[in-house]
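Summary of the model geometry
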Amino acid sequence: PRYHFTPPQNWINDPNGLVYHDGQYHLFYQHNPFANQWGHMSWGHAVSTDLLRWEHLPVAIPEFTEGDKTTAIFSGSAVIDAGNRRGLCPPGTKNCFVAVYTGNVTQGDRHLAQYQNLAFSADGGRTFTQYAKNPIVDIGSKEFRDPNVFWYEPEKKWVMATVKATEHRAAFYESTDLKTWRFLSHFGPTGDTTKVWECPALVRVPIQNEPGKSRWVLFISAGHPQPGYVGMQYFVGNFDGNTFTLDPENPKPTAPAVANVVDWGKDYYAAIQFNHLPASQSNPIMIGWTNNWAYAGSLPTTPFKGAMSLPRQISLKRTAAGLQLVQRPISALNALRGAAQKRAGVRLSNRQEVFTKTTDNAYELTLDLVPGNAQSAGIRLAKGPNEETVLRYANGNLQLDRRRSGNVGFHKSFPSVEEAPLTPQNGVIKLRIFVDKSLVEVFANDGERVITDQIFPTENAGGIELFAEGGTAEFRNVVLWPMKATAP
């Protein structure tokens with residue numbers, strides 16, 4: 001990818017410790033420093049001033065061994081203790097950088113435990129010291145992980161969301177000093193319980209066009225609408241400092257449910273929010289891992305394996321079905337656009353038309369699709385002589401078909417068609433499509449539906465083609481922007 005985050009080399013998975021501090025966004029992530037496969041989990045680290053251009057830094061929290069036991073640094077979060085009030089960092093530290101993560105303890109081939117640990121940094125997150133009294137939360141479980149800590153202003157305390165993975169329950173804790181934690185409550189099981197629960201994120205999210213109003217949203221990484229894969233779900237509700245309860249206006253979640261799927265693609269997982277965003281940023285921002293455990297270890301990429309999504313601003317929109325999640329790419333992405341190639345409109349009846357014969361597969365494409373009476377209408381992306389990625393609207397669903405997206409035979413679970421239910425707005429479907437070599441992110445109707453998928457074209461450049469089948473469709477305001485590379 002040219003403008004999505006990837007490590008210089010080796011394996012990554014979940015984003016960790018997303019936090020804004022002193023003018024920099026910090027992205028920590030699950031990382032194997034030694035190989036291009038999962039293992040030796042540590043926290044990799046990168047920083048950015050704009051969430052687009054990242055400076056790669058040395059491993060921040062490495063896996064460690066004590067005696068014959070090894071502790072891997074599994075997923076977690078980071079917060080800033082302003083003024084070092086809790087005294088974790090050395091005296092004189094202006095702001096103490098605190099990471100809370102799951103320690104995954106093994107002894108040889110034996111998995112012994114998962115519990116929550118704390119590490120702190122006095123140098124802005126560059127190097128960390130393990131807290132001497134770890135673990136800070138231990139319930140004697142092997143499936144207790146992914147602490148997500150945030151500041152709860154009404155009660156001047158820290159709140160931690162964790163998961164009891166195989167019980168399909170989120171567990172909430174509170175603390176005033178980040179060191180001593182008290183259990184508050186559980187949420188679940190509900191929604192999708194077909195896979196273990198992971199990576200909780202409890203976030204206050206504003207409601208569009210209702211100034212001052214918001215709801216709490218609990219994100220859980222779990223199953224996917226298509227059996228056998230992992231994905232993300234969300235629950236809209238209220239949090240009173242003790243308990244998270246579902247919003248009575250929203251339908252009770254089921255599995256799978258249109259109402260609570262975060263991303264309908266196969267490759268968006270483990271997304272969490274940034275802590276301590278500047279006051280000018282009113283909407284939460286999240287980043288997710290663009291991969292799927294069904295085939296993650298088999299990706300045909302070298303020397304890296306894994307990438308991160310574009311940063312997304314999130315909000316809620318009031319609909320007839322209740323409050324629904326809306327996700328939009330951050331506006332800073334506009335700065336990466338090159339010279340635009342435009343087409344005011346085209347009407348197609350049972351035929352296709354080339355928009356561009358070939359273009360570098362690193363671009364943003366926007367258009368308004370009027371499906372009309374066509375049985376199927378859409379766009380063929382990264383099109384070559386024997387390959388293409390097809391985005392189509394048919395039978396009330398937006399579909400992304402990657403069965404012919406180049407090198408798709410590396411794993412039997414990879415070739416697939418993703419499908420998201422979608423209703424045109426006044427007869428129009430608004431599409432914003434990001435293609436970045438091996439990644440596609442599609443935002444439909446201003447972010448009401450999102451599909452994120454990996455693709456592996458065999459060529460660096462490909463064509464873009466518009467088509468309508470079984471009737472007539474219109475394509476309006478088609479604009480293509482080549483995207484500037486942000487990778488160093």
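Quick summary incoming for the structure in this document.

**What to know about the overall build of the chain**
- Helix and strand counts for the chain stand at 0 helices and 33 strands.
- Computed over the C-alpha atoms, the radius of gyration of the chain is 22 Å, within 12% of the 23 Å expected from 2.2 N^0.38 for a compact globule of 488 residues.
- With an accessible surface of roughly 18400 Å², the chain has 48% of that area assigned to carbon and sulfur atoms.
- Between the mean site of the 47 positive side-chain charges and the mean site of the 44 negative ones, the chain shows a separation of 3 Å.

**Topic: unusual backbone geometry**
- Backbone torsion omega between Asn134 and Pro135 reads 0°, so that peptide bond is classified as cis.
- Checked against the element boundaries, Pro135 lands in the loop between β9 (129-130) and β10 (137-141).
- Omega for the bond connecting Gly188 with Pro189 falls within 30 degrees of zero, at 0°, which places this linkage in the cis form.
- Tracing the backbone through its elements, the reader meets Pro189 in the loop between β14 (182-187) and β15 (198-206).
- Within the chain, Asn10 stands out as a residue other than glycine whose phi angle is a positive 75°.
- By secondary structure assignment, the location of Asn10 is in strand β1 (residues 10-21).
- You can call Asn10 buried: its relative accessible area is 10%.
- Of note, Asn209 is a non-glycine position whose phi angle comes to about 60°, a positive value.

**So, the pattern of salt bridges**
- Following the criterion strictly, the structure yields 34 salt bridges and no others.
- Arg145 serves as the salt-bridge partner of Glu143, at 2.5 Å between the closest nitrogen and oxygen.
- Glu143 gets classed as partly exposed once you look at its relative accessible area, which sits at 28%.
- Notably, a salt bridge pairs Arg380 with Glu469, separated by 3.4 Å at the nearest N-O pair. Here Arg380, found in strand β26 (residues 376-384), pairs with Glu469, found in strand β33 (residues 461-482); they are 89 residues apart in sequence, far enough to count as distant.
- Exposure remark for Glu469: the relative accessible area of 38% places this residue in the partly exposed category.
- Three or more residues joined by partner-sharing salt bridges are found here, namely Arg380, Lys383, Glu388, Arg404, Glu465 and Glu469.

**A short note on the sheet that holds strand β20 (residues 285-289)**
- The 4 strands lie next to each other as β19-β20-β22-β23, forming an open sheet whose pairing is antiparallel. If you trace the sheet from one side to the other, it starts and ends with β19 (269-273) and β23 (322-329), each paired once. Direction aside, the axes of adjacent strands within the sheet are offset by 40° on average.
- The sheet contact formed by strand β22 (residues 312-319) and β23 spans 8 bridges and is antiparallel.

**A word on the layout of surface pockets**
- Considering only enclosed or pocket space, the largest pocket measures out at about 640 Å³ in volume.
- Lining of the largest pocket is provided by 20 residues; of these, Trp151, Arg204, Phe274, His276 and Leu277 occupy positions nearest its centre.
- Broken down by secondary-structure element, the contributors of at least two residues to the lining of the largest pocket are β11 (144-152) and β15.
- The class makeup of the residues in the lining of the largest pocket is 12 nonpolar, 6 polar and 2 charged.

**So, the side chain of Asn32**
- Following the sequence through the fold, Asn32 ends up in the loop between β2 (24-31) and β3 (42-48).
- Looking at Asn32, the relative accessible area reads 2%, which means it is buried.
- Here Ala35 takes part through its backbone nitrogen, which lies 3.4 Å from a polar atom of the side chain of Asn32.
- Within the structure, Asn32 has its side chain in polar contact with the backbone oxygen of Gly39 (distance 3.2 Å).

**Examining the state of the cysteines**
- Inspection of the entire model under this criterion finds 1 disulfide.
- A disulfide bridge connects Cys89 with Cys96, and the sulfur atoms are separated by 2.1 Å. Disulfide Cys89 to Cys96: torsion about the S-S bond roughly 70°, handedness right-handed. Just as Cys89 is buried, Cys96 falls in that class too.

**What about the sheet that holds strand β17 (residues 230-239)?**
- The 4 strands lie next to each other as β15-β16-β17-β18, forming an open sheet whose pairing is antiparallel. Both edges of this open sheet fall to β15 and β18 (244-246), since each of them pairs with a single strand only. Strand-to-strand twist in this sheet, taken as the mean axis angle between neighbours without regard to direction, amounts to 45°.

**Digging into the side chain of Arg312**
- As for its position among the elements, Arg312 is in strand β22.
- Separated by 2.9 Å, the side chains of Arg312 and Glu441 make a polar contact.
- A distance of 2.6 Å separates the side chain of Arg312 from the side chain of Thr452, its partner in a polar contact.

**Things to note about the pairing of β17**
- Burial analysis of β17 places 9 of its 10 residues in the buried class, the great majority of the element.
- Counting the residues that bridge the hairpin from strand β16 (residues 214-223) to β17 gives 6 residues, and of these Gly228 lies at a positive phi of roughly 100°.
- In this structure, the hairpin formed by β17 and β18 is closed by a connection of 4 residues, where Gly241 is found at a positive phi of approximately 95°.

**A word on the environment of Gln208**
- Within the secondary structure layout, Gln208 lies in the loop between β15 and β16.
- As for Gln208 and Asp453, which are separated by 245 residues in sequence, their C-alpha atoms are 27 Å apart.
- When neighbours within four sequence positions are excluded, Gln208 is seen to be in contact with Ser315, Leu316, Lys317, Val326 and Arg328.

What counts, and at which threshold
- Residues numbered from 1 in each chain as written.
- Predicted model: local features only at pLDDT ≥ 70, side-chain atom pairs only at ≥ 80, totals over all residues.
- Heavy atoms only, no water.
- Helix = DSSP H or I, 4+ residues; strand = E, 2+ residues; numbered from the N terminus.
- Rg over C-alpha atoms; globule rule 2.2 N^0.38 Å.
- Areas by Shrake-Rupley, 256 points an atom, 1.4 Å probe, with all protein chains shown as cover.
- Lys, Arg positive; Asp, Glu negative; His and termini not counted.
- Charge placed at Lys NZ, Arg CZ, Asp CG, Glu CD.
- Buried < 20%, exposed > 50% of the residue type's maximum accessible area, 1.4 Å probe, protein only.
- Salt bridge = Lys/Arg side-chain N within 4 Å of Asp/Glu carboxyl O.
- Pairing = 2+ DSSP bridges.
- Axes fitted to C-alpha atoms, helices over the stretch in contact; angles between N-to-C directions.
- 1 Å grid on protein atoms, 1.4 Å probe; cavity = no way out; pocket = protein on both sides within 12 Å on 5 of 7 lines; lining within 4 Å.
- Points joined across faces, edges and corners; volume = space filled by probe spheres on them.
- Nonpolar A, V, L, I, M, F, W, Y, C, P; charged D, E, K, R; others polar.
- Polar contact = N/O pair within 3.5 Å; in protein donor to acceptor, adjacent residues only side chain to side chain.
- Disulfide = S-S within 2.5 Å.
- Contact = heavy atoms within 4.5 Å.

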